[in-house]
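Per-entry structural report
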Amino acid sequence: MPAGTLYRGREGMWSWVAHRVTGVLIFFFLFVHVLDTALVRVSPEAYDKVVATYKSPIVALLEYGLVAAILFHALNGLRVIAVDFWVKGARYQKQMLWTVVALWVVLMLGAIYPVLGHAARELFGS
Amino acid sequence: MSTTESTASGIGPVEGASVYTVDNPAPLIEAPRRRTKKTPKTTRGNFEMVAWLFMRLSGVVLVVLVIGHLLIQLVLDGGVSKIGFAFVAGRWASPFWQVWDLLMLWLAMLHGANGLRTVINDYAERANTRLWLKGLLYTATVFTILLGTLVIFTFDPNIR
Ligand code: HEM
Ligand code: HEM
């Protein structure tokens, strides 16, 4: 393996890997999502039956993961755009990445109750 | 880099004197990127540049559309629990949300498909593999965009 460079193995590379992985995951979700939404053209019962799976506790966890992927991809996407279009973007790319990560952590903490609350109520009663 | 010294006239210490004179001028070396009659015409236009720009412009719009969508579907008003046929019927009764969903569908699908095209180009090394993967990608993309558009435009709240 070649020695470390300014890019390889550093923040820039890992944020790029994460951006790529989340982008691909979201695309696959969207494909399935348009198919499940299309069931509204079949019958209300068919649609409600599939949407019921979205409400189960395990799928709620997947939804939390989807929110995590989208929030990272969106925030880091804005960082990539800033690097490309803002004159000082490249100089501050590392600081911007840590800002992205901090914002992401805060938003993910905030999303716990709204996204997972109903699953917790179902599992533990109340 | 250079170990030999050069004088102002570009003559190294080994040569001693210039081999070129007025009657025997140095050959003219063409600039490397110079366009000549032999330069092939570019056939691809600036598609890659337009695609690059599209990723950034659609990204900015998608932040609003997708995060707004997630807020509505997963956070506000009871989160996922409220979703059902009646909920969708209520939302698509408004042209505003129809346009919102339509724009989100087209932008996210085209943005994602173009992103996946890059990923395929990066990892599929055999020309044949690339061709098939991209064929599959474009087929799935066109199908999904058409289906989603059709569903929004033909939605019928009184289907039963
Ligand atoms: C788990 C999270 C999600 C839930 C529960 C959800 C729910 C829904 C619902 C109920 C609809 C029906 C129409 C409406 O109410 O607006 C819909 C449509 C749509 N959603 Fe989502 N959504 C989610 C995530 C996403 C994401 C991440 C994207 C984009 C990447 C997305 C893109 C779309 C599109 C494009 C449509 C229109 C589909 C069509 O044209 O048939 N959704 N979604
Ligand atoms: C939420 C707002 C979004 C923003 C701000 C955003 C931003 C970006 C940007 C700027 C790029 C180009 C990266 C580069 O050239 O290095 C990109 C790539 C990509 N995006 Fe998004 N995007 C968003 C939503 C989405 C959605 C909804 C999907 C899936 C349907 C998606 C899938 C992808 C993929 C697959 C790539 C290619 C990744 C790569 O080449 O490494 N993005 N995104």
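Values in this document were obtained by computation on a predicted structure and should not be read as measured data.

This part covers the packing of aromatic side chains. Residues and elements named next belong to chain B. Inspection of every chain in the model, using the stated rule, returns eight aromatic pairs over all chains. Relative to F155, the ring of F85 lies with its centre 5.6 Å away and its plane at 40°, an arrangement referred to as tilted. Of this pair, F85 sits in helix 2 (residues 85-91) while F155 sits in the segment after helix 4 (127-154), and the two are 70 residues apart along the sequence. With a centroid separation of 5.1 Å and an interplanar angle of 50°, the aromatic rings of W97 and W100 are classed as tilted. Pair noted here: W97 and W100 are both in helix 3 (residues 95-123), with a separation of three residues, about one helical turn. Put simply, the rings of F85, W92 and F155 touch in pairs and so form one group of aromatic residues. Sitting over the face of the ring of W97, R91 holds its NZ or CZ atom 4.6 Å from the ring centroid.

Among the 24 residues in the neighbourhood of ligand 1, the closest are listed as H33 of chain A together with H69, R91, D101 and G148 of chain B. Within the side chain of Q73 of chain B, one N or O atom sits 3.1 Å away from an oxygen atom of ligand 1. Between an oxygen atom of ligand 1 and a main-chain N or O atom of G148 of chain B, the distance comes to 2.9 Å. Looking at the shell around ligand 1, the elements with two or more residues in it are helix 1 (11-38) and helix 3 (57-85) of chain A together with helix 1 (47-75), helix 2, helix 3 and helix 4 of chain B. In terms of residues, the shell around ligand 1 owes the most to one element, helix 1 of chain A, which gives five residues. A per-class count over the shell around ligand 1 returns 16 nonpolar, five polar and three charged.

The next point concerns the side chain of H118 of chain A. Take H118 of chain A: it is sitting in helix 4 (residues 93-124). Polar side-chain contacts of H118 of chain A include one of 3.4 Å to the backbone oxygen of V115 of chain A. Discounting chain neighbours no more than four positions away, the residues touching H118 of chain A are K55 and A60 of chain A together with V80 and S81 of chain B.

This paragraph deals with the coordination of the iron atom of ligand 2. Taken together, the protein donors to the iron atom of ligand 2 comprise H73 of chain A (NE2) and H111 of chain B (NE2), at separations of 2.0 to 2.1 Å. Around the iron atom of ligand 2, the six donor atoms sit at angles spanning 86 to 180°, and that spread fits a shape best called octahedral. Pair noted here: H73 of chain A is in helix 3 and H111 of chain B is in helix 3, and the two residues belong to different chains. For the pair shown, H73 of chain A and H111 of chain B are each scored as buried.

Confidence along chain B averages 88 in pLDDT terms, with 88% of residues attaining 70 or more. Scoring the predicted complex yields pTM 0.85 and, for the interface, ipTM 0.90.

Let's shift gears to the nonpolar core. Counting 49 residues, the largest nonpolar core has V40 and Y47 of chain A together with W92 and F155 of chain B as the members making the most contacts within it. Apart from the residues within four sequence positions on either side, V40 of chain A is in contact with Y47 of chain A together with F85, V88, W92, V151, F155 and I159 of chain B.

By a widespread convention, an interface's size corresponds to the accessible area lost as its parts come together. At the junction of the two partners, chain A supplies 37 residues and chain B supplies 42 residues. Between chain A and chain B lies a buried interface of about 3,200 Å² when both sides are counted; carbon and sulfur atoms form 77% of it. Ranking the residues of chain A by area buried against chain B places R20, F27 and R41 of chain A at the top, with a combined share of 20%. Applying the counting rule to chain A against chain B returns two salt bridges. Counting across the chain A and chain B interface gives seven residue pairs in polar contact (both at pLDDT 80 or more). The set of elements that each furnish at least two residues to the side of chain A that touches chain B consists of helix 1, helix 2 (44-54), helix 3 and helix 4 of chain A. By residue number, the principal contributor to the side of chain A that touches chain B is helix 1 of chain A, which donates twelve residues. Considered class by class, the residues forming the side of chain A that touches chain B number 25 nonpolar, five polar and seven charged.

About the cut-offs
- Residues numbered from 1 in each chain as written.
- Chains lettered and ligands numbered in written order.
- Predicted model: local features only at pLDDT ≥ 70, side-chain atom pairs only at ≥ 80, totals over all residues.
- Heavy atoms only, no water.
- Phe/Tyr/Trp six-rings, centres within 6.5 Å; stacked < 30°, edge-to-face > 60°.
- Helix = DSSP H or I, 4+ residues; strand = E, 2+ residues; numbered from the N terminus.
- Lys NZ or Arg CZ within 6 Å of the ring centre and 35° of its normal.
- Near = heavy atom within 4 Å.
- Polar contact = N/O pair within 3.5 Å; in protein donor to acceptor, adjacent residues only side chain to side chain.
- Nonpolar A, V, L, I, M, F, W, Y, C, P; charged D, E, K, R; others polar.
- Contact = heavy atoms within 4.5 Å.
- Donors = N, O, S within 2.8 Å, 3.2 Å for Na, K, Ca; no water.
- Tetrahedral: all angles 85-135°; square planar, octahedral: opposite > 155°, others 65-115°.
- Buried < 20%, exposed > 50% of the residue type's maximum accessible area, 1.4 Å probe, protein only.
- pLDDT = per-residue confidence, 0-100.
- Core = buried A, V, L, I, M, F, W, Y, C linked by side-chain atoms within 4.5 Å.
- Buried area = accessible area lost by both parts, 1.4 Å probe.
- Salt bridge = Lys/Arg side-chain N within 4 Å of Asp/Glu carboxyl O.

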